[in-house]
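Structure at a glance
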Amino acid sequence: MSDSLKDRVRAKLLRQLEEDGTPDSEHDDPRQIAVETDLDTLESVADDDPLVEELAVRYLVF
């Protein structure tokens, strides 16, 4: 069974956060904040929401 687009986007975002490592407590990383925000937003929408496709394009998920 193949993963849904939403599952693949979620996996990509989680992988990016993992690869970035532990956030620096003294400095905010705008990119990491954006990825975390997108992940939170992704979790709040349905599988067929247009935002899922928008995030897939933004993070190059095929």
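Residues numbered from 1 in each chain as written. Predicted model: local features only at pLDDT ≥ 70, side-chain atom pairs only at ≥ 80, totals over all residues. Heavy atoms only, no water.

**Quick look at the overall build of the protein**
Note the following rule: Secondary structure elements are defined from DSSP: runs of H or I of at least 4 residues count as helices, runs of E of at least 2 residues count as strands, and each element is numbered from the N terminus. Here's how the labels work: a residue is buried when its accessible area is under 20% of the maximum for its type, exposed when over 50%, partly exposed in between, all with a 1.4 Å probe on protein chains only. Residue-level accessible areas treat just the shown protein chains as cover; the underlying method is Shrake-Rupley with a 1.4 Å probe.
Across its full length, the protein holds 3 helices and 0 strands. Looking at the protein as a whole, 29% of its 62 residues are labelled buried. As presented, the protein carries roughly 4,600 Å² of accessible surface, and 51% of it is formed by carbon and sulfur atoms.

**Regarding the confidence of the model for the protein**
Put simply, the test is: The predictor reports its confidence for every residue as pLDDT, a score running from 0 up to 100.
Averaged over the protein, the pLDDT score is 91; the fraction of residues at 70 or greater is 97%. For the protein, per-element mean pLDDT is lowest for helix 2 (residues 30-43), which scores 94, and highest for helix 3 (residues 50-58), which scores 97.

**Some words on the packing of helix 2 against helix 3**
Two quantities define a packed helix pair, namely the angle between the helix axes and the distance between the axes. Stated precisely, the cut-off is as follows: Here, axes are lines fitted to C-alpha atoms. For helices the fit covers the stretch in contact, and angles between N-to-C directions go from 0 to 180 degrees. Orientation is classified from the angle alone, with under 35 degrees giving roughly parallel, over 145 giving roughly antiparallel, 65 to 115 giving roughly perpendicular, and any other angle giving oblique. Handedness of a crossing follows from how the near helix is turned relative to the far one, being left-handed for an anticlockwise turn of less than a right angle and right-handed for a clockwise one. The contact rule is simple, with two residues in contact once any of their heavy atoms fall within 4.5 Å. Under this grouping Gly is polar, as are all residues other than the nonpolar Ala, Val, Leu, Ile, Met, Phe, Trp, Tyr, Cys and Pro and the charged Asp, Glu, Lys and Arg.
The N-to-C vectors of helix 2 and helix 3 enclose an angle of 150 degrees; their axes lie 10 Å apart at closest approach. The angle between helix 2 and helix 3 places the two elements in the roughly antiparallel class. Here the hand of the crossing between helix 2 and helix 3 comes out left-handed. Contacts between helix 2 and helix 3 involve D38, T41 and L42 from the first element and L51, V52, L55 and R58 from the second. Tallied by class, residues from the contact of helix 2 with helix 3 come to 4 nonpolar, 1 polar and 2 charged.

**Overview of helix 1 (residues 5-20)**
Each full turn of the α-helix corresponds to 3.6 residues, which orients residues three or four apart in the same direction. The following threshold applies: Given the number of residues in a helix, its expected span is that number minus one, multiplied by 1.5 Å.
Taking 1.5 Å per residue as the helical rise, helix 1 with its 16 residues ought to reach 22 Å, and the 23 Å between its terminal C-alpha atoms agrees with that figure. Close packing links the buried residues of helix 1 with helix 2 and helix 3. Looking one or two places after helix 1, you find G21, whose phi comes out positive at around 80 degrees.

**Here we look at the nonpolar core**
Applied cut-off: For our purposes a nonpolar core is just a set of buried Ala, Val, Leu, Ile, Met, Phe, Trp, Tyr and Cys residues, chained together by side-chain atoms within 4.5 Å.
Core analysis: the largest hydrophobic core is formed by 13 residues, its most contacted members being V9, L13, V35, L42, L55, Y59 and V61. Among the elements that line this core, the one with the most residues is helix 3, at 4 residues. Setting aside chain neighbours within four positions, we find L55 in contact with V9, D38 and L42.

**Observations concerning a negative patch on the surface**
In plain terms, the rule: For patch detection, residues must exceed 30% relative accessible area and be free of salt bridges, and they are connected within 9 Å for like charges or within 5 Å for nonpolar side chains (Val, Leu, Ile, Met, Phe, Trp, Tyr). One side-chain nitrogen of Lys or Arg within 4 Å of one carboxyl oxygen of Asp or Glu is enough to make a salt bridge. Charged residues are defined narrowly, with Lys and Arg counted positive, Asp and Glu counted negative, and His plus the chain ends left uncounted. Charge placement uses NZ in Lys and CZ in Arg. For Asp and Glu, CG and CD serve respectively.
A surface patch of negative charge is lined by D24, E26, D28, D29, E36 and D40. Locating D29 in the fold gives a position in the loop between helix 1 and helix 2. Classification of D29 as partly exposed rests on a relative accessible area of 33%.

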